[in-house]
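Chain and residue survey
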Amino acid sequence: MRITINAPKEDKPGRRFRLYLPVPLSLLGWRFIWKHLPEQSRMYAPIASDLVRALKEYRRKYGSWDLVEVHTADDDTHVRIRI
C-alpha cells in the first residue's frame with residue numbers, strides 16, 4: 001500500500017510538500033498493531049489476516065487500484081492511497 005500526499009506549502013508560495021509513504025499490507029495482520037487501535041477498531045482484528053490475504057489475491061489478479069483519492073475544491077491538494 002502506498003500513501004501519497006501532494007500539497008502546497010503555506011509558508012513558501014510556489015513550493016510543494018510531497019510525501020510518499022509505503023506501508024506493507026502485512027502490517028494489518030500484526031496483533032501488536034491491533035492492541036494500540038481504538039476499541040471500535042479492535043472488533044475487526046479476527047478477520048484482519050483474511051482481509052490481507054484477500055487484498056493481496058485481488059491485487060495479483062487485477063493489479064494495483066486506488067482505495068482513496070481526494071482532491072481539494074481548488075484542486076491544489078491531492079491525497080491518494082493505492083493498494
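Our structure's up above, just so we're on the same page.
Residues numbered from 1 in each chain as written. Predicted model: local features only at pLDDT ≥ 70, side-chain atom pairs only at ≥ 80, totals over all residues. Heavy atoms only, no water.

Considering the layout of surface pockets
What counts, and what does not: Points on a 1 Å grid over protein atoms alone make up a cavity when a 1.4 Å probe fits among them but cannot get out, and a pocket when they form an open set with protein on both sides within 12 Å along at least five of seven lines; lining residues each have an atom within 4 Å of a point. Grid points are joined across faces, edges and corners, and a volume is the space filled by probe spheres set on the points. Helix and strand definitions here come from DSSP, where helices need a minimum of 4 consecutive H or I residues and strands a minimum of 2 consecutive E residues; each element is numbered from the N-terminal end. Any residue outside Ala, Val, Leu, Ile, Met, Phe, Trp, Tyr, Cys, Pro, Asp, Glu, Lys and Arg is labelled polar, Gly included; the first ten of those are nonpolar and the last four are charged.
In this structure, the largest pocket spans a volume of roughly 170 Å³. Around the largest pocket, the lining residues are M1, V23, P24, L27, L28, I33, W34, L37, Y44, I47, A48 and L51. Counting residues per element, the ones that place at least two in the lining of the largest pocket are α1 (31–35) and α3 (48–62). Of the residues contributing to the lining of the largest pocket, the split by class is 12 nonpolar, no polar and no charged.

Quick notes on the packing of aromatic side chains
We count it as follows: Classification of ring pairs uses Phe, Tyr and Trp, with its six-membered ring standing for Trp, and accepts pairs whose centres are within 6.5 Å; under 30 degrees between planes counts as stacked, over 60 as edge-to-face, and the remaining range as tilted. Three exposure classes are used, based on accessible area relative to the maximum for each residue type with a 1.4 Å probe and protein chains only: buried under 20%, partly exposed in between, and exposed over 50%.
Summed over the entire model, instances satisfying the criterion amount to 2 aromatic pairs. With a centroid separation of 5.7 Å and 85° between ring planes, the pair formed by Y58 and W65 is classed as edge-to-face. Given the relative accessible area of 24%, W65 is considered partly exposed. Taken together, the ring pairs in this structure connect Y58, Y62 and W65 into an aromatic cluster.

Some details on the pattern of salt bridges
Let me state the cut-off plainly: When a carboxyl oxygen of Asp or Glu lies within 4 Å of a side-chain nitrogen of Lys or Arg, that pair is called a salt bridge.
Summed over all chains, the structure comprises 4 salt bridges. Of the charged contacts in the structure, one is a salt bridge between R53 and D50, with a shortest N-O distance of 2.9 Å. You can see R53 and its partner D50 sitting in helix α3, 3 residues apart, about one turn around the helix. For R53, a relative accessible area of 51% puts it in the exposed group. Residue D50 is classed as partly exposed on the basis of its relative accessible area of 42%.

Focus: α3
Using the following cut-off: Given the number of residues in a helix, its expected span is that number minus one, multiplied by 1.5 Å. Think of it as the arc spanned by the lines of direction from the helix axis to the C-beta atoms.
Over its 15 residues, α3 extends 21 Å from the first C-alpha to the last, a length consistent with the 21 Å expected when each residue adds 1.5 Å. Regarding α3, the residues found buried are A48, V52 and L55. An end-on view of α3 places all buried positions within 65° of arc, on one side of the element. Those residues of α3 that are exposed and aimed more than 90 degrees away from the buried face are R53, E57, R60 and K61.

Observations regarding a nonpolar patch on the surface
What counts, and what does not: Every patch collects residues that have over 30% relative accessible area and no salt bridge, joining them within 9 Å if they carry like charges and within 5 Å if they are nonpolar side chains (Val, Leu, Ile, Met, Phe, Trp, Tyr). Only the protein chains shown count as covering a residue, and every accessible area follows the Shrake-Rupley method with a 1.4 Å probe.
On the surface, F17, L19 and L21 cluster together into a nonpolar patch covering about 240 Å² of accessible area. Position of L21 relative to the elements: it lies in strand β2 (residues 16–22).

Section: the pairing of strand β4 (residues 78–82)
The side chains of a regular strand alternate between both faces of the sheet. Rules: When DSSP finds two or more bridges between a pair of strands, those strands are recorded as paired.
The sheet contact formed by strand β1 (residues 2–8) and β4 spans 5 bridges and is antiparallel. Bridging from a neighbouring strand, I3 pairs with I81 of β4. Two strands pair when backbone bridges link them, and strand β3 (residues 66–71) and β4 are joined in this way by 5 bridges, in the antiparallel orientation. Across the sheet, E69 pairs through a bridge with R80, a residue of β4. Count of turn residues in the β3/β4 antiparallel hairpin: 6 residues, of which D75 carries a positive phi of about 60°.

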